[in-house]
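A closer look at the structure
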Amino acid sequence: MQKWMLIQNDQAVAGDASLYTQWKQNPGSLLWVDIEGAAEDADHKLLTERLALPEAEVRDALRDRHPPTFSGEPEFLFLLMKPLDRESHTLDFNTQQMAIFVAQNFVVTRHNKESDYLHTLWSKVARGERRISSPYNIVALMARRMISRYGKILLKLEQRLDEIEDTLMQDLDEAHMQELVGYNTALRKMRRILKYHVSVLEQLSRYSQRLKQDELSDEYEDIASQAERFNSLAELYQTVINDLIEGYISLNAHRLNQVMRILTVVTVVFLPLSLLVGVYGMNFEYMPELKSEYGYFILIAVMASIASTLAYIFRRMRWL
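A brief look at the structure comes next. Counting restarts for each chain, with residues numbered from 1 along the sequence as it is written. Per-residue local features of the predicted model are confined to residues with pLDDT of at least 70, and side-chain atom pairs are confined, for both listing and counting, to 80 or more; whole-chain, interface and lining totals are unaffected and use all residues. Hydrogens are left out, water is left out, and the side-chain values use all remaining heavy atoms of the structure.

1. Structural notes on the overall build of the chain
Basically, it comes down to this: For helices the rule is a DSSP run of H or I covering at least 4 residues; for strands it is a run of E covering at least 2, with both sets numbered from the N terminus onward. All radius of gyration figures rest on C-alpha atoms, and the globule criterion is 2.2 Å times the number of residues raised to 0.38. Buried, partly exposed and exposed residues are distinguished by accessible area as a fraction of the type maximum, computed with a 1.4 Å probe on protein chains only: under 20%, between the cut-offs, and over 50%, respectively. When checking whether two residues touch, look at their non-hydrogen atoms; a contact exists if any pair is within 4.5 Å. Where accessible areas are quoted, they stem from the Shrake-Rupley method and a 1.4 Å probe; at the residue level, only the protein chains shown are allowed to cover. When charges are counted, Lys and Arg are positive and Asp and Glu negative, with His and the chain ends excluded. Here the site of a charge means NZ on Lys, CZ on Arg, CG on Asp, or CD on Glu.
Counting secondary structure elements, the chain contains eight helices and seven strands. Its C-alpha radius of gyration of 36 Å places the chain more than 25% over the 20 Å reference for a compact globule of 320 residues. Overall, the chain is about 125 × 40 × 35 Å in size when its C-alpha atoms are taken along their principal axes. When the 320 residues of the chain are sorted by exposure, 42% land in the buried category. Partitioning the intrachain contacts of the chain with sequence separation of at least 6 by distance along the chain shows that 63% fall at a separation of at least 24. When the accessible area of the chain is evaluated, it comes to approximately 18,300 Å², of which 53% is carbon and sulfur surface. Here the chain carries 36 positive and 43 negative side-chain charges, and the mean point of each set is 1 Å from the other.

2. Considering a negative patch on the surface
Selection criterion: The residues that make up patches have over 30% relative accessible area and no salt bridge, and they are joined within 9 Å when like-charged or within 5 Å when they are Val, Leu, Ile, Met, Phe, Trp or Tyr. The working definition used for a salt bridge is a side-chain nitrogen of Lys or Arg within 4 Å of a carboxyl oxygen of Asp or Glu.
Together, E158, D162, E165, D166, D243 and E246 make up a region of like negative charge exposed at the surface. Going through the elements one at a time, α5 (135–168) and α7 (214–280) are the ones with two or more residues in the negative patch. At four residues, the largest contribution of residues to the negative patch is made by α5. Here E158 lies in helix α5. For E158, a relative accessible area of 36% translates into the label partly exposed.

3. Comments concerning the nonpolar core
How we decide: To form a nonpolar core, buried Ala, Val, Leu, Ile, Met, Phe, Trp, Tyr and Cys residues must be joined to one another through side-chain atoms within 4.5 Å.
Core analysis: the biggest nonpolar cluster contains 62 residues, and W32, L77, L91, L154 and L201 have the highest contact counts within it. Among the secondary structure elements, those contributing two or more residues to this core are β1 (2–8), β3 (30–36), β5 (76–81), β6 (98–103), α4 (116–127), α5, α6 (174–210) and α7. A total of 16 residues in this core trace back to one element, the largest contributor, which is α5. Contacts of L91, omitting those with residues within four sequence positions, involve I153, L157, Y183, A186, L187 and M190. If you look at the next biggest cluster of nonpolar residues, it comprises 23 residues, including W4, Y20, I35 and L53.

4. Overview of the packing of aromatic side chains
For any pair of aromatic rings, geometry is given as the distance between the ring centres together with the angle between the planes. Convention followed: Working definition: a ring pair exists when centres of Phe, Tyr or Trp rings (six-membered ring for Trp) sit within 6.5 Å. Plane angles under 30 degrees give stacked, over 60 give edge-to-face, the rest tilted.
Taken as a whole and assessed by the stated rule, the structure comprises six aromatic pairs. Centre to centre, the rings of F78 and F101 are 4.7 Å apart; their planes meet at 25 degrees, and the pair counts as stacked. Here F78, found in strand β5, pairs with F101, found in strand β6; they are 23 residues apart in sequence, far enough to count as distant. Taking the relative accessible area as the measure of exposure, F78 reaches 1% and is therefore buried.

5. Quick look at empty space enclosed by the protein
Convention followed: Here the term cavity refers to a set of points on a 1 Å grid, laid over the protein atoms alone, in which a 1.4 Å probe fits but cannot get out; the term pocket refers to an open set having protein on both sides within 12 Å along at least five of seven lines, with lining residues being those that place an atom within 4 Å of a point. Grid points are joined across faces, edges and corners, and a volume is the space filled by probe spheres set on the points. Following the grouping adopted for this structure description, the nonpolar residues are Ala, Val, Leu, Ile, Met, Phe, Trp, Tyr, Cys and Pro, the charged ones are Asp, Glu, Lys and Arg, and the polar ones are all others, Gly among them.
Under the defined criterion, the tally for this structure stands at one cavity of 30 Å³ or more. By volume, the largest cavity is sized at about 40 Å³. In terms of lining residues, the largest cavity is bounded by K3, D34, E36, H111, E114, S115, L118 and H119. Mapped by element, the contributors of at least two residues to the lining of the largest cavity are β3 and α4. Classifying every residue of the lining of the largest cavity by side-chain character gives one nonpolar, three polar and four charged.

6. A short note on the pattern of salt bridges
Considering all chains together, one arrives at 12 salt bridges under this definition. E179 is the partner of R160 in a salt bridge, and the nearest nitrogen-oxygen pair spans 2.7 Å. Residue R160 is located in helix α5, and its partner E179 is located in helix α6; the two are separated by 19 residues in the primary sequence. The partly exposed category is assigned to R160, whose relative accessible area is 27%.

7. Quick word on a nonpolar patch on the surface
On the surface, a cluster of nonpolar side chains totalling about 640 Å² of accessible area is made up of Y294, Y296, F297, I298, I300 and V302. Judged by relative accessible area, which is 39%, I300 ranks as partly exposed.

8. Considerations on the layout of surface pockets
When its volume is computed, the largest pocket comes out at roughly 310 Å³. Along the wall of the largest pocket there are 15 residues; nearest its centre are R65, K82, T95, K189 and I193. The residue inventory of the lining of the largest pocket, partitioned by class, reads four nonpolar, six polar and five charged. Around the second largest pocket, the lining comprises 15 residues; the ones closest to its centre are I7, G28, L30, I132 and S133.

9. Overview of helix α2 (residues 41–50)
Along α2, the residues that are buried comprise D43, L46, L47 and T48. Contacts from the buried residues of α2 go to β1, β3, α3 (55–62), β6 and β7 (106–111). Once α2 finishes, A52 follows within two positions and takes phi at roughly 55 degrees, a positive value.

10. Comments concerning the sheet that holds β5
Quick reminder of the rule: Only when DSSP finds a minimum of two bridges between them are two strands counted as paired. Axes here mean lines fitted to C-alpha atoms, for a helix over just the part in contact, with angles spanning 0 to 180 degrees between N-to-C directions.
In space, the seven strands of this open sheet follow the order β2-β1-β3-β7-β6-β5-β4, with mixed pairing throughout. Bordering the open sheet on either side are β2 (11–15) and β4 (69–72), each of which pairs with just one other strand. Adjacent strand axes in the sheet meet at a mean angle of 10 degrees, parallel and antiparallel pairs treated alike. Relative to β3, β1 runs antiparallel, the two sharing six bridges. Residue pairing across strands places I7 opposite L30, the latter belonging to β3. With respect to the sheet, α6 is in contact with β4 and β5, its orientation differing from that of β4 by roughly 15 degrees.

Following this line, the structure appears as structure tokens:
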């Protein structure tokens, strides 16, 4: 689906492909084309033939899966990002493809899923509530929005990790372990995506500096720094999670050792008693104390003495 907008003298007009002719007739105007959903032949034709964009970058932009990338030439800019989709607000997230082409007098945004922020920005510009002084401003707005959404998820995770850390020592709940493993997997995925974005945003910043876009250069540099901070934060959280997982495993192993030690003590105490009971359970006529009046009580006393002695020894060894 294609949406068209023509911006001239701070006045925005939304319409259809007929705006292309008006844009061509007004060199000072800005054309914004937004392409949403699955790629179509008409999208490819628009980008390569009418707007004369490079074939390689167009193919990348129209794919549903492609790593973030950047290409900057004096006459145009191409930025491919992977922002979160509209339903992703936790570490259980999904991404979408967001491609942006920028030239001196036009901008093209292409995304394979619906974007609430882009829809809101489009509506504000169309109603005159938001002014777009340069097509490069849209790049800055989209990049900052993308990075800030990743950051919000990471900051929420920090509070949850504090809660798990406080309760982990008191309650070794297996659900905590499953939750931590899930976080660890999601952070590994997020770090990979953020690392791509750090690289492409740094390239964007250097590109802007080469074009001597002083105001935008500072903005792009700040966005790249923010992406680097969030990438480092994700790495830090992953280290914390790994420490918590190792602590959980260590505590569980310690608890198991405690149980095994008690079972060992019980086994050692009852082993000689079982031996005596087994011996005196044999049907032989000539056995010590077999016909003694106090034989039963003597055997019980011996068994009690053995059990008490072993219990005392284990207590001295601090096994009990």
